[in-house]
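# Geometric and topological summary
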Amino acid sequence: FASGVVHAHGYAVDADTGGLRWSFKTDGPVFAAPTVTRGQWPTLSAQRECRTYRAFVASASGHLICLDMTGELLWQQLAKFHGHSSPALDSPAGQIGFTGVGAESYTANMVVVGAVDGTLHIFAATDGSPLTTFRLPGPIFSSCVICAGKIVVGCRDDSLHCVDVLASAGGE
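Below you will find a few notes about this structure.

Each value, and the rule that gives it
Residues numbered from 1 in each chain as written. Predicted model: local features only at pLDDT ≥ 70, side-chain atom pairs only at ≥ 80, totals over all residues. Heavy atoms only, no water. Helix = DSSP H or I, 4+ residues; strand = E, 2+ residues; numbered from the N terminus. Buried < 20%, exposed > 50% of the residue type's maximum accessible area, 1.4 Å probe, protein only. Contact = heavy atoms within 4.5 Å. Areas by Shrake-Rupley, 256 points an atom, 1.4 Å probe, with all protein chains shown as cover. Polar contact = N/O pair within 3.5 Å; in protein donor to acceptor, adjacent residues only side chain to side chain. Pairing = 2+ DSSP bridges. Phe/Tyr/Trp six-rings, centres within 6.5 Å; stacked < 30°, edge-to-face > 60°. Axes fitted to C-alpha atoms, helices over the stretch in contact; angles between N-to-C directions.

Within the protein chain one finds one helix and 13 strands. Listed N to C, the secondary structure of the protein chain is β-β-β-β-β-β-β-β-β-β-β-β-β-α in terms of helices and strands. Buried residues in the protein chain amount to 44% of all 172 residues. Contacts spanning at least 24 positions in sequence make up 40% of the contacts within the protein chain whose residues lie at least 6 apart. Summed over its atoms, the accessible surface of the protein chain is roughly 8700 Å², and 55% of this surface lies on carbon and sulfur atoms.

Shown next, in the form of structure tokens:
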């Protein structure tokens, strides 16, 4: 899978041949790599298998896009963010080389995208519904890392920030 093109297209290429498998058009430029993960996603139709791969793409026009691995649009959420960071997921199964307990069955709960206005936008990974936002003191150009409900990201105030999503939401 490849993305991050200024002319508002994303491409899935065959890893063995380099040939184009499919492409999709976004509503604006894509400046960052997509995030691809595997999980036990809710079945969208009776014909679909529950275990699937999904790609999350953030366009510079402020949309977070979720595609399956055939290029079918599963959902799209307008968040009015302008960003240059890749979406981050709280899914260890999507991390290459992760072999921890439960890695095969863990499904992401949230997707986080940073914006140049300093806002972290947090969405539900299953359907893209907005969950919350956090405002940092400077623009965000880097991608986040999520671990144990904490989002770690650098911003242009020359600091590394750690936002505890679970504590902020009243979680454990």
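Moving on, we come to the side chain of Ser59. Its place among the elements puts Ser59 in the loop between strand E4 (51–58) and strand E5 (63–68). The buried category is assigned to Ser59, whose relative accessible area is 1%. Within the local environment of Ser59, its side chain forms a polar contact with the side chain of Asp27, the two groups lying 3.1 Å apart. Apart from the residues within four sequence positions on either side, Ser59 is in contact with Thr26, Asp27, Gly28, Pro29, Val30 and Phe81.

Leaving glycine out, the prevailing phi sign among residues is negative, and the prevailing peptide bond configuration is trans. At Asp158, a residue that is not glycine, the phi angle is positive and equals roughly 65°. With respect to the helices, strands and loops of the structure, Asp158 is situated in the loop between strand E12 (150–155) and strand E13 (159–164).

Turning to the pairing of strand E6 (residues 73–78), a few remarks are in order. When E5 meets E6, the two strands line up antiparallel, connected through five bridges. Across the sheet, the residue bridging to Cys66 is Trp75, located in E6. Hairpin connection, E5 to E6: the antiparallel pair is bridged by four residues, and Gly71 has positive phi, about 90°.

Further remarks concern the packing of aromatic side chains. Scanning all chains against the criterion turns up two aromatic pairs. Judged by centre distance (6.2 Å) and plane angle (45°), the ring pair of Trp22 and Phe24 falls under tilted. With centroids separated by 5.9 Å and ring planes inclined at 55°, the aromatic side chains of Phe56 and Trp75 adopt a geometry described as tilted. Taken together, the residues Phe56 in strand E4 and Trp75 in strand E6 connect sequence positions 19 residues apart. Residue Phe56 shares its accessibility class with Trp75, and that shared class is buried.

Quick look at the sheet that holds strand E11 (residues 145–147) now. Read from one edge to the other, the open sheet built from three strands follows the order E11-E12-E13, with strand pairing classed as antiparallel. Strands at the two margins of the open sheet, each flanked by one partner only, are E11 and E13. Each adjacent strand pair in this sheet contributes to an overall mean axis angle of 25°, direction not counted. Sheet topology note: the E11/E12 ladder contains three bridges and is antiparallel. Counterpart to Cys147 in the pairing with E12 is Lys150.

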